[in-house]
Amino acid sequence: MTGLPAMHPGPGPVPVLALGDVLLVTLLGELHDGAAEQLQHDISQRIASSPMPVAGVVIDLSGVEIIDSFLGRVLAEIAASARLLAARTVLAGMRPAVAITLVELGLTLPGLSTALNVEKALSLLGRASSAAPTAHLEEGA
Amino acid sequence: MQVAEHDTAPGTAKELGAFLERRREQIAQRWADAALFRTVFTVSRDEAVEACKAVVDTLADVARSGQLEDVEAPGFGTVRDQLGRMAAARARAGFTPVQIAGEVAGLREPVTALLRAEFQDDSDDARVTACTQALAVLTATLRLVILETTVSAGEELIARQRQQLLEVATPVIKLWDGVVAVPLIGTLDSARSQVVMESLLEAIVDQRAAYAILDITGVPTVDSLVAQHLMKTVAAARLMGAECIVSGIRPAIAQTIVQLGIDLGSIITRAGLADALAYALTQQGIVVSARPLTDAGSR
């Protein structure tokens, strides 16, 4: 599991991309329980075995239509185990319907950072520092 | 299907149907002068007569089928639309359903008169009485049909208006780049809170808003259910990566919330919409300050 992770698209394992010291996971469509557990395992392994310290994990949820209580718990556990390995986890791009469902389920994921999209998530982790001033200017305009 | 409680023999019903068909033209002419048709079809009398004929045909159909008391009789299907429009027109003119039903009852008199004239020479009193009775039952059913269409049209209107109210009453406003706000006005219930939550979350996605302000200055009362909904909205916005600010909590509402033991500790609150906006701007690193009085001073 050290070098190249299995990166099969489709129903196989979810690809975990390394961008500098940030791990990017893009979830698409439905994630089966088995794949979710596999992902949890993969992320911890990648953080632990990475040659350079991993500062954060960004999980992009913009392509996810449904999050059930199991996946919600897995996300919370990923965040908890990543924190033990000194990495922050940011959930990015959650859709309104998904957010409402999670709240109705009572899963408010306390302690997890969230961001509107991957870009904001990276800047939250202190990445893309060059983009910060531009964003600033846009906001001021 | 209901069976007529009155001793309306199938023969009598058929006879009534035949009579209605035979006298169609005369009945229509007399009805066209009745208040109901005259005031609804104001454009031309011919139009009223045509509408009357359609209703007479329907009644004849129903009479022939023998289902004098059945509101759901297939015969009524053809004129239900028209009756609904007529009833709606009367309702718009300010008439109550009871008044409309009264006008419909007025349609019976001309037909009864025709019926009596028809059987003038007939010595069989029992047959005349049976026919008149059957006619009374038939017009009563017509009244019910019109009443039913009036009520269901009213219900549709109410449902549509309720939906419009929900949409109109919850505008999501973009206050600044990345800052959206919902000024809530009026009483919140579960349905409205749901709409507020959904439209606010949609706006967060559309505007890529990092801050969402819920202003409840215009909300007179908050109960535990509404407070719970507010908390849910805040939690959902947080899950999406936006921060929610609740502003404009009235003193009375603040007291209620405290008395209900609801913990808003995890929610950012500000006194007014302006304060909430100021907070959101400051968090984004934007500073709004007064301009120095003289231009020279600023250079």
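Further up the page is the structure itself.
Nothing here was measured: the structure is a model prediction, and the numbers come from that model.

A. A look at the packing of helix H10 (residues 190-207) of chain B against helix H11 (residues 224-239) of chain B. All names here are of chain B. Interaxial distance between H10 and H11 falls to 10 Å at its minimum, and their mutual angle equals 15°. Classified by the interaxial angle, the pair formed by H10 and H11 is roughly parallel. Like other packed secondary-structure pairs, H10 and H11 cross with a definite hand, here right-handed. Here Ser 190, Ser 193, Gln 194, Met 197, Leu 200, Leu 201 and Ile 204 of H10 lie close against H11, whose contacting residues are Leu 225, His 229, Lys 232, Thr 233, Ala 236 and Ala 237. Taken together, the residues that form the contact of H10 with H11 break down as seven nonpolar, five polar and one charged.

B. A look at empty space enclosed by the protein. Residue and element names in this part refer to chain B. Throughout the structure, instances matching the rule amount to four cavities of 30 Å³ or more. Quantified by volume, the largest cavity comes out at close to 70 Å³. Partitioned by chemical class, the residues of the lining of the largest cavity number nine nonpolar, no polar and no charged. Estimated volume of the second largest cavity: approximately 50 Å³. Lining the second largest cavity are Leu 184, Leu 188, Ser 193, Val 196, Val 226, His 229, Leu 230 and Thr 233. Counting only elements with at least two residues in the lining of the second largest cavity, the list comes to H10 and H11. With four residues, the single largest contributor to the lining of the second largest cavity is H11. Its residues assigned to classes, the lining of the second largest cavity comprises five nonpolar, three polar and no charged.

C. Representation of the nonpolar core within the structure. Within the largest apolar cluster, 76 residues are counted, with the highest numbers of intra-cluster contacts made by A:Leu27, A:Leu39, A:Ile59, A:Leu61, A:Met94, B:Ile204 and B:Leu214. For this core, the element with the highest residue contribution is H11(B), accounting for eight residues. Residue contacts for A:Met94: discarding those within four places in its chain leaves A:Leu61, A:Ala99, A:Leu102, B:Leu239 and B:Met240.

D. Spotlight on the interface of chain B and chain A. Contacts between the two partners involve 23 residues from chain B and, on the opposite side, 22 residues from chain A. For the pair chain B and chain A, the summed buried area comes to about 1,800 Å², and 58% of that belongs to carbon and sulfur atoms. When the buried area of chain B at its contact with chain A is split by residue, B:Arg238, B:Leu239 and B:Met240 rank highest and sum to 35% of it. One can count one salt bridge joining chain B with chain A.

E. Fine view of unusual backbone geometry. Even without a glycine there, the phi angle at A:Ala86 is positive, about 65°. Within the secondary structure, A:Ala86 sits in the loop between helix H2 (69-84) and strand E4 (88-92). Of note, the phi angle at B:Arg208 is positive, near 50°, even though the residue is not glycine. Locating B:Arg208 in the fold gives a position in the loop between H10 and strand E3 (211-218).

F. Highlighting the side chain of B:Thr141. Residues and elements named next belong to chain B. For Thr 141, the location among the structural elements is in helix H9 (residues 125-168). Judged by relative accessible area, Thr 141 falls into the buried class, the value being 4%. A distance of 2.8 Å separates a polar atom in the side chain of Thr 141 from the backbone oxygen of Val 137. Once residues lying within four places of it in the same chain are set aside, the contact partners of Thr 141 are Leu 68, Glu 69, Asp 70, Val 71 and Phe 76.

G. Examining H2(A) more closely. Residue and element names in this part refer to chain A. Compared with an ideal rise of 1.5 Å per residue, which puts 16 residues at 22 Å, H2 spans 23 Å between its outermost C-alpha atoms and is within 8% of the ideal. Residues of H2 that are buried include every one of Leu 71, Gly 72, Val 74, Leu 75, Ile 78, Ala 79 and Ala 82, and no others. All buried residues of H2 project into a common sector of 160° when viewed along the axis, lining one side. Opposite the buried face of H2, at more than 90 degrees from it, the exposed residues are Arg 83 and Leu 84. Tucked inside the fold, the buried residues of H2 contact helix H1 (33-49), strand E3 (56-63) and E4. Two residues or fewer past H2, Ala 86 is found with a positive phi of approximately 65°.

H. Spatial organisation of the packing of helix H2 (residues 24-32) of chain B against helix H8 (residues 108-118) of chain B. All names here are of chain B. Contact pair H2 / H8: the axes reach a minimum separation of 9 Å and the direction vectors enclose 145°. Between H2 and H8 lies a crossing whose hand is right-handed. When H2 is examined against H8, the residues Gln 26, Ile 27, Arg 30 and Trp 31 are found in contact with a partner set consisting of Pro 110, Val 111, Ala 113 and Leu 114.

I. Expanded view of the sheet that holds strand E2 (residues 179-185) of chain B. All names here are of chain B. Ordered by their spatial adjacency, five strands build an open sheet running E1-E2-E3-E4-E5, and the pairing between neighbours is mixed. Strands at the two margins of the open sheet, each flanked by one partner only, are strand E1 (173-176) and strand E5 (268-270). For this sheet, the mean inter-axis angle between neighbouring strands, taken without regard to orientation, is 30°. Pairing geometry for E2 and E3, over six bridges, is parallel. When the sheet's bridge partners are listed, Ile 185 is paired in E3 with Gly 218. Each of E1, E2, E3, strand E4 (243-247) and E5 touches helix H13 (residues 273-283); the most contacted strand, E3, lies at about 170° to it.

J. Just the sheet that holds strand E5 (residues 113-115) of chain A, in detail. Residues and elements named next belong to chain A. Strand order in the open sheet formed by five strands is E1-E2-E3-E4-E5, and the pairing between neighbours is mixed. Only two strands of the sheet have a single neighbouring strand rather than two, namely strand E1 (16-19) and E5. Here the average twist between neighbouring strands, direction ignored, is 25°. Those strands touched by H2 are E3 and E4, and its axis lies near 150° from that of E4.

Conventions we followed
- The residue count restarts for each chain, going from 1 along the sequence in the order it is written.
- Just so you know, chain letters begin at A and ligand numbers begin at 1, following the order they were written in.
- With pLDDT at 70 or above as the cut-off, local features in this predicted model cover only qualifying residues; side-chain atom pairs require 80 or more to be listed or tallied, and sums for whole chains, interfaces and linings still use all residues.
- Calculation of side-chain values draws on the structure's entire complement of heavy atoms; hydrogens and water are dropped beforehand.
- For every element, the axis is a line fit to its C-alpha atoms; helices are fit only across the contacting stretch, and the angle between N-to-C directions ranges from 0 to 180 degrees.
- Only DSSP runs of H or I reaching four residues or more are called helices, and only runs of E reaching two or more are called strands; each is numbered from the N terminus.
- An angle counts as roughly parallel when it lies under 35 degrees, as roughly antiparallel when it exceeds 145, as roughly perpendicular when it falls between 65 and 115, and as oblique in every other case.
- Note on convention: near helix rotated counterclockwise from far helix by under a right angle means a left-handed crossing. Clockwise means right-handed.
- We call two residues in contact when some of their heavy atoms are within 4.5 Å.
- Note on residue classes: Ala, Val, Leu, Ile, Met, Phe, Trp, Tyr, Cys and Pro are nonpolar, Asp, Glu, Lys and Arg are charged, and everything else, Gly too, is polar.
- Method remark: on a 1 Å grid restricted to protein atoms, a set of points is classed as a cavity if a 1.4 Å probe fits but cannot get out and as a pocket if it is open with protein on both sides within 12 Å along at least five of seven lines; lining residues have an atom within 4 Å of a point.
- Grid points are joined across faces, edges and corners, and a volume is the space filled by probe spheres set on the points.
- Buried Ala, Val, Leu, Ile, Met, Phe, Trp, Tyr and Cys residues that are joined via side-chain atoms within 4.5 Å together make up what is termed a nonpolar core.
- For each residue, the accessible area found with a 1.4 Å probe, counting protein chains only, is set against the maximum for its type, and the residue is called buried under 20%, exposed over 50%, and partly exposed in between.
- Simply put, the buried area is the total loss of 1.4 Å probe accessible area from both parts when two parts are fitted together.
- Salt bridge, as used here: a side-chain nitrogen of Lys or Arg that lies within 4 Å of a carboxyl oxygen of Asp or Glu.
- Under the rule applied, a polar contact is a pair of N or O atoms within 3.5 Å (in protein, one hydrogen donor and one hydrogen acceptor; residues adjacent in sequence only if both atoms are side-chain atoms).
- By this rule the span expected of a helix is its residue count minus one, scaled by 1.5 Å.
- Throughout, the arc means that of the directions going from the helix axis to the C-beta atoms.
- A pair of strands is considered paired only if DSSP assigns at least 2 bridges between the two.

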